[in-house]
Amino acid sequence: MPEIKSKKIRTIIIAGKEIPCYYHHTLVLGSGSAALSSAVRLKRGGIDDICILTDDINGGTSRNTGSDKQTYYKLSDSTKNPDSPFLMAEALMSGGAMHGDIALVEALSSENAFYHLVGMGVPFPHDEWGGYTGYKTDHDPRNRGTSLGPYTSKVMVEYLEKECRLLNIEIRDRHECIRLISYGNRIAGAVILQRDSSGCSGENYSVFLCDNMILGLGGPAGLFDASVFPARHTGGIGLALEIGAKAVNLTESQFGIASTGFRWNLSGSFQQVIPNYFSIDPETGEKYHFLNDHFPSIEKLSEAIFLKGYQWPFDPDKVKNFGSSSIDMLVYRETVVRNRDVYIDFRENPQGDDRLGEFSAEHLSEEVLHYWRNSGIDQAAPV
């Protein structure tokens, strides 16, 4: 099938400047996993006139993030724990920010979306019988997580881009959307600022009109002062809000402990070896084992650090009873209120005091000990 290129339908004059105007049946804004997957699905569904506009084909969160075990979330189909779309929808709704119908559609479609990626060659791990790995992820009671390693989303987006090019879907790089165009209650197109190979924009504007649009520009990373979003992602939700879109079902914004010099969420593996937290006063150089002042025992302190590995996002319910989110609050107090730098020392487990007692694996809960023994990390120190 011949490759379809943008159709220039006319030239418009704005402030004495000629602006080229193009038309497509469907515009896809963004080049992350969601945007590229949408384009592939539409093309296979019979929509030929598709154009992907992106300010940076190698930018965005999908291509530039990682973790110790980056998780893909789907309906569990390969473990002993029974699951159903309704149970998954309940889990998605439990945070209080997602409509039930949207949650159910996501749950019902999650396996289809997963095996769509598998069919393109994304190498998710599976056993000899074809069952794909499942494990528990943050706040979820069932084994719905799967992963192919620290750069799961990066691999996904690479395969999706390859598929787009195999299908001859037009991709226009260095085309930054600066304004969406609406007509009545319908989307009508986008105003684009084109950049050259050096990233400079000059006055190279164009207008793309469309019948349909997929907005895949990602979360509002540019809003946050302290952020672990990759530097090559700023987000574009504001473009839709400017023309009247309603902000609902936006559950992407999670808060938790992170390194912001080297942008990295606090990894689960970092926590489950139960390292030692301390802070340093930048003026005096004094060292503080600041967690000791809050917890009633070394056992509670150690368990909270361990559980932070399962429960990375901050959750106010997990502040109560010395839960894992107590650590978020205490780190915030050290870094923001007391202006101290906080570090994690992997050479040793938590350092107790006369009140708390010394750290000992013998005092850990059965859940922690079970994980330690199964993972082979019950050595004398985290490293």
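Report follows, based on the coordinates. All residue numbers here refer to positions counted from 1 along the written sequence of the relevant chain. For a predicted model such as this one, the threshold for reporting local features is a pLDDT of at least 70, and the threshold for listing and counting side-chain atom pairs is 80 or more; totals across whole chains, interfaces and linings nevertheless cover every residue. The side-chain figures draw on all heavy atoms in the structure; neither hydrogens nor water molecules are used.

### Considering helix H3 (residues 85-93)
Inspection of H3 places Met88, Ala89 and Leu92 among the buried residues, and these make up the whole buried set. For H3, the arc enclosing every buried residue in end-on projection is 100°, short of the 170-degree limit, so these residues lie on one face. What points out from H3, more than 90 degrees from its buried face, is the exposed set Phe86 and Glu90. Buried residues belonging to H3 abut strand E4 (72-73) and helix H4 (100-120). Throughout this description, buried means an accessible area under 20% of the type-specific maximum (1.4 Å probe, protein chains only), exposed means over 50%, and partly exposed covers the range between. To qualify as a helix, a DSSP run of H or I must reach at least 4 residues; to qualify as a strand, a run of E must reach at least 2; elements of each kind are numbered from the N terminus. Taking the helix axis as origin, the arc is that swept by the directions to the C-beta atoms. Throughout, a contact is declared for two residues whenever any of their heavy atoms are within 4.5 Å.

### Let's talk about the sheet that holds strand E12 (residues 276-280)
Ordered by their spatial adjacency, three strands build an open sheet running E13-E12-E14, and the pairing between neighbours is antiparallel. Two strands lie at the open edges of the sheet, namely strand E13 (287-288) and strand E14 (341-345), each paired on one side alone. The pairing of E12 with E13 spans two bridges and is classified as antiparallel. In the sheet register, Ser279 faces E13, and the bridge partner there is Tyr288. Strands are labelled as partners when DSSP assigns at least two bridges between them.

### Considerations on the packing of aromatic side chains
Within 6.5 Å between ring centres, the rings of Phe, Tyr and Trp (the latter by its six-membered ring) count as paired, and their orientation is classed by plane angle as stacked under 30 degrees, edge-to-face over 60, tilted in between. For the structure on display, the rule yields 15 aromatic pairs. An angle of 75° between the planes, with centres 5.0 Å apart, marks the rings of Phe114 and Tyr115 as edge-to-face. Overall, the relative accessible area of 0% leaves Phe114 in the buried class. On the accessibility criterion, Tyr115 (32% relative accessible area) is partly exposed. Between Phe306 and Tyr371, the aromatic rings sit 5.4 Å apart at their centres with planes inclined by 70°, giving edge-to-face as the arrangement. Taken together, the residues Phe306 in helix H8 (residues 298-308) and Tyr371 in helix H10 (residues 366-375) connect sequence positions 65 residues apart. By relative accessible area, Phe306 is classed as buried at 0%.

### Focus on the nonpolar core
Among the buried residues, those of types Ala, Val, Leu, Ile, Met, Phe, Trp, Tyr and Cys that are joined through side-chain atoms within 4.5 Å form a nonpolar core. Residues Ile274, Tyr277, Leu291 and Ile327 are the most contacted members of the largest nonpolar core, which totals 23 residues. Sorting the residues of this core by element identifies H8, helix H9 (325-337) and H10 as the ones contributing at least two each. Sort the elements by how many residues they give to this core and H8 lands first, with six residues. The contacts of Tyr277, once residues within four sequence positions are left out, are Ile257, Leu266, Gln271, His289, Phe290, Leu291, Ile305, Ile327, Val331, Val342, Tyr343 and Ile344. The next biggest cluster of nonpolar side chains, apart from the first, holds 22 residues, and it includes Ala39, Ile50, Tyr72 and Cys164.

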